[in-house]
Amino acid sequence: MKKQFFILFILLLTFSVSVFASSFTIETESMTLGGPYAGKISSPFTGIALYGNGDKGTSTNAFADGDGNYKINIIGASNKSNAAGVSLYVNNVKLKAFTFYGTGASTLEADIKITGLNQSSNTIVLLLETDNGSSDTFIDKITFTFQGAIVIKNPPVLPSQGAYNTGIYRNMLKEAGYTDTQINQKLENIWNQLFYGNSSSQAVYYPVGTDEAYILDTGNNDVRSEGMSYGMMICVQMNKQTEFNRLWKWAKTRMQHQSGARKGYFAWQMNTSGTMKDQNTASDGEEYFIMALMFASGRWGDGEGIYDYWKEANDILKNCMNKEYILHTSMNNLFNATEKQVVFTPYSQSALFTDPSYHLPAFYQLWSYWADTRRTFWRDMAEKSREMFPKFANAQTGLMPDYAEFGGAPRNEGGHGDFRFDAWRCAMNMAVDYAWFKPSENEVTLINRLHNFFASKGVDSYKNQYSLSGTELSGGDHSPGLVACNATGALASNQSVAWDFIDDFFNTGIPGGQYRYYDGMLYFMNYLHLSGNFRIYKPADILDIALDEQFNYTGDYLFLDNFENKSIGEEYYMRRTENSTANALVTADPVFLSNNSLHVLTGNYDEYLVMEFVLPEGRTLKNDYSQLEFDIYYTKKADDGNHNQDLKVDFDVIQGTPFFTTKTGDRANHGKWEHITVPLTSVTSGNTFKLYICIRTNKADFYIDNIKLKVNYSVPSMIENPETAKNNFFYSGNMLHFGNTPINNLSVFNLSGNLLVSKNNISSSLDISNLKSGVYIVRISANGQVNNMKIIK
């Protein structure tokens, strides 16, 4: 009987060992200590204290189950309210960095895939390597629990169309195997911590008064346009309008320049008191402000004043392209019109190069559909950025530099020709562009190359700064912000390793401590991308046709602007000196008070009204128009402001000898409208052009109205009952279809005779989804014949 009991006891013991072999705990006081200061403690628990970089505890342990997925629980604390960190290494491979907050013991958890294990002897090290003198790290114990064998997942399946067309935003976290409960709970935790967590160690959002707030750069104790715009984007994606409006009011009323050459730009760096710390502009802040405001308009609708999100977004967008007209200043446009690239900073020499992480083709693509003006330019910007990504990227590693020349070469200025903190975001920008629009498989190639490089350095342990060729730069760690951006790269990956980057991100704690700002903002935005919660919200009041592409024919004239559809007080561009009082504002007609006109005042000599125009597609100023005409009203003045001065007109550039000059005449003839005709016999402008109008005096005071071009081609008249188009021309599903017939020209008019669309050399079909519902006349020229058809959309 005793023998049977003994055998049963042995069997039970064996069973017990086999069960508990799947989990083991290391009490840290039993570890071998190393480093200059490490010691044992008895409070707040029995364990070890790591006081300075290099302090560590080492243990040798068996992993009976070998390689696999392990849940790791580590109990520890900080000696202060500041963050205190420790890194876990197994067999000299860094697996995870943990961060504790507060003096009470807390348990941190992570799911980690561990490879390279043997069943009998493995070296486990808890190492302090992030000490900055602000706190000490206390560790009680660490537990490893085997979760199962490593399963090689199939590569992600890329969708056939982007989310813009399908309305489907992939939840990559769910595809990776995480549950809805896990995903949603973590999203809630991120919001609660970064916006409403402990103000000294967790939050980056700080309310001010009753209706303002700012995002704090906790590492530098200042406020940045980058963080404010990121915060607004996060709020609109989280449907948090109150917080969005608070941030926007602080940015609008405190950060935005209200006068001078910088008017309309945002200062990139502010004191928390609301005063400017650096008045220059960081281009990415402007880009995110624009996009966040557009999405806010789409998600919540527009309010009054500064909360008219749609107007504010378009105002910033237009402001980014009007700085070239300010003389004797170093200010520049935010986007280089020739290179079609965003500049690093729109000031002096900093406007002569770019930052690859500022290239946001997905945003530019939306602007090309939605913006009130320059839609063709924004489309070209998107295409140019997609063209530049392969030029920015190293051919072997896929790494991009912080700064780059417009041709793509790294700009080696202050070390920014390397892959550093700015460049982290390139993966996110490419992946989001691919997820929304799927414009080019180049983005998949580049993300795969980048993932392969970081995987070669250890998915759980790669550093945050490298030379473009892949040499690790000193001082780096496994930063949560970079981890987050690389994880979002999975949206444009077709490799199995993409899942490892997602797992690494999901198991990375929400950033806290002194340097939580940049990591935290990127962590939050990328979590939104990966969980399918970062979405496009289309504004309701988008113009069918951009303002600068609306063509109104009357008789033999193409009207360019008569100011009737403009608001009183709307400002037009002036080529002027920086501190000049010159302006051009829409106002009531001085004679016909119910009409609008443009009132122009100068403060110095040679200050020009500047207007930019787009002609119907295929038309050029040189070939298709015989003269420019406009009406002008010289205000009666006692001084010589308008008296017998030169009225000058130029196209595209200000010339030494104006294209056209005439005298303003005697003041006795002023106070009434006059008609000016400018022959276009030798103009060289193309499909787009700039018009400059000037009275050469520092006291000019005049009004402009009814700017038009006389056409020298046939303008089709409207047909009340247009003939039914032939069978191979038909309209269906927002598309005009033409079968196999090549179309020489297609024009779409509304019933008032306004030309809305003009396209040349079309084959098979044309998308007209941007037109509102209504009745239109379509004029089709093909094979020497003209057909008219009426469509109801």
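In what follows, the structure referred to is the one given above.
Quick notes on the rules
- Residues numbered from 1 in each chain as written.
- Predicted model: local features only at pLDDT ≥ 70, side-chain atom pairs only at ≥ 80, totals over all residues.
- Heavy atoms only, no water.
- Axes fitted to C-alpha atoms, helices over the stretch in contact; angles between N-to-C directions.
- Helix = DSSP H or I, 4+ residues; strand = E, 2+ residues; numbered from the N terminus.
- Left-handed = near helix turned anticlockwise from the far one by under 90°.
- Contact = heavy atoms within 4.5 Å.
- Nonpolar A, V, L, I, M, F, W, Y, C, P; charged D, E, K, R; others polar.
- Pairing = 2+ DSSP bridges.
- Parallel < 35°, antiparallel > 145°, perpendicular 65-115°, else oblique.
- 1 Å grid on protein atoms, 1.4 Å probe; cavity = no way out; pocket = protein on both sides within 12 Å on 5 of 7 lines; lining within 4 Å.
- Points joined across faces, edges and corners; volume = space filled by probe spheres on them.
- Polar contact = N/O pair within 3.5 Å; in protein donor to acceptor, adjacent residues only side chain to side chain.
- Salt bridge = Lys/Arg side-chain N within 4 Å of Asp/Glu carboxyl O.
- Buried < 20%, exposed > 50% of the residue type's maximum accessible area, 1.4 Å probe, protein only.
- Core = buried A, V, L, I, M, F, W, Y, C linked by side-chain atoms within 4.5 Å.

Draft legend 1. The arrangement of the packing of helix α11 (residues 426-437) against helix α12 (residues 442-456) in detail. Two elements in contact, α11 and α12, have axes separated by 10 Å at closest approach and are oriented at 145°. The handedness of the crossing between α11 and α12 comes out as left-handed. Mapping the contact onto sequence places Ala427, Met430, Asp433 and Tyr434 in α11 and Glu443, Val444, Leu446, Ile447 and Leu450 in α12. Of the residues belonging to the contact of α11 with α12, the class tally is 7 nonpolar, no polar and 2 charged.

Draft legend 2. Just the sheet that holds strand β34 (residues 743-750), in detail. Taken in spatial order, the 4 strands make up an open sheet running β35-β34-β37-β38, and their pairing is antiparallel. In this open sheet, the two strands that pair with only one neighbour each are β35 (755-762) and β38 (785-792). Ignoring strand direction, the axes of neighbouring strands in this sheet form an average angle of 15°. Pairing analysis gives 6 bridges linking β34 to β35, with the strands arranged antiparallel. Bridge pairing links Val748 to Val757 in β35.

Draft legend 3. How the structure looks around the packing of helix α9 (residues 361-370) against helix α10 (residues 375-392). Here α9 crosses α10 at 160°, and the two axes come no closer than 7 Å. Classed by the angle they form, the pair α9 and α10 counts as roughly antiparallel. Remark: the crossing between α9 and α10 carries left-handed chirality. Contacts between α9 and α10 involve Pro361, Tyr364, Gln365, Trp367, Ser368, Tyr369 and Trp370 on the former and, on the latter, Arg375, Trp378, Arg379, Met381, Ala382, Ser385, Arg386 and Phe389. Counted by class, the contact of α9 with α10 contains 9 nonpolar, 3 polar and 3 charged residues.

Draft legend 4. View of empty space enclosed by the protein. What the rule picks out here adds up to 3 cavities of 30 Å³ or more. Estimated volume of the largest cavity: approximately 80 Å³. Looking at the lining of the largest cavity residue by residue, the class counts come to 7 nonpolar, 2 polar and no charged.

Draft legend 5. Representation of the side chain of Ser87. As for its placement among the helices and strands, Ser87 is situated in strand β7 (residues 83-90). Engagement of the side chain of Ser87 in a polar contact is seen with the side chain of Glu129, the distance being 2.7 Å. Not counting residues up to four positions away in its chain, the partners in contact with Ser87 are Lys94, Lys96, Ala97, Val125, Leu126, Leu127 and Glu129.

Draft legend 6. The arrangement of the pattern of salt bridges in detail. Counting across every chain of the model gives 34 salt bridges. With its nearest N and O atoms 2.8 Å apart, the salt bridge here joins Glu324 to Lys690. Of the two residues, Glu324 is situated in the loop between α8 (309-319) and β17 (326-327) and Lys690 in strand β30 (residues 688-695); the sequence distance between them amounts to 366 residues. Residue classification places Glu324 among the partly exposed positions, given a relative accessible area of 37%. Residues participating in the shared-partner salt-bridge network are Asp217, Asp222, Arg224 and Lys277.

Draft legend 7. Summary view of the nonpolar core. Membership of the largest hydrophobic core comes to 139 residues, with the highest contact counts inside it found for Phe244, Phe295, Phe335, Trp367 and Trp436. The contacts of Phe335, once residues within four sequence positions are left out, are Glu287, Cys320, Met321, Gln341, Val342, Tyr364, Trp367, Phe377, Trp378 and Met381. By size, the runner-up hydrophobic cluster in this structure holds 43 residues, among which are Ala584, Leu609, Tyr625 and Tyr713.

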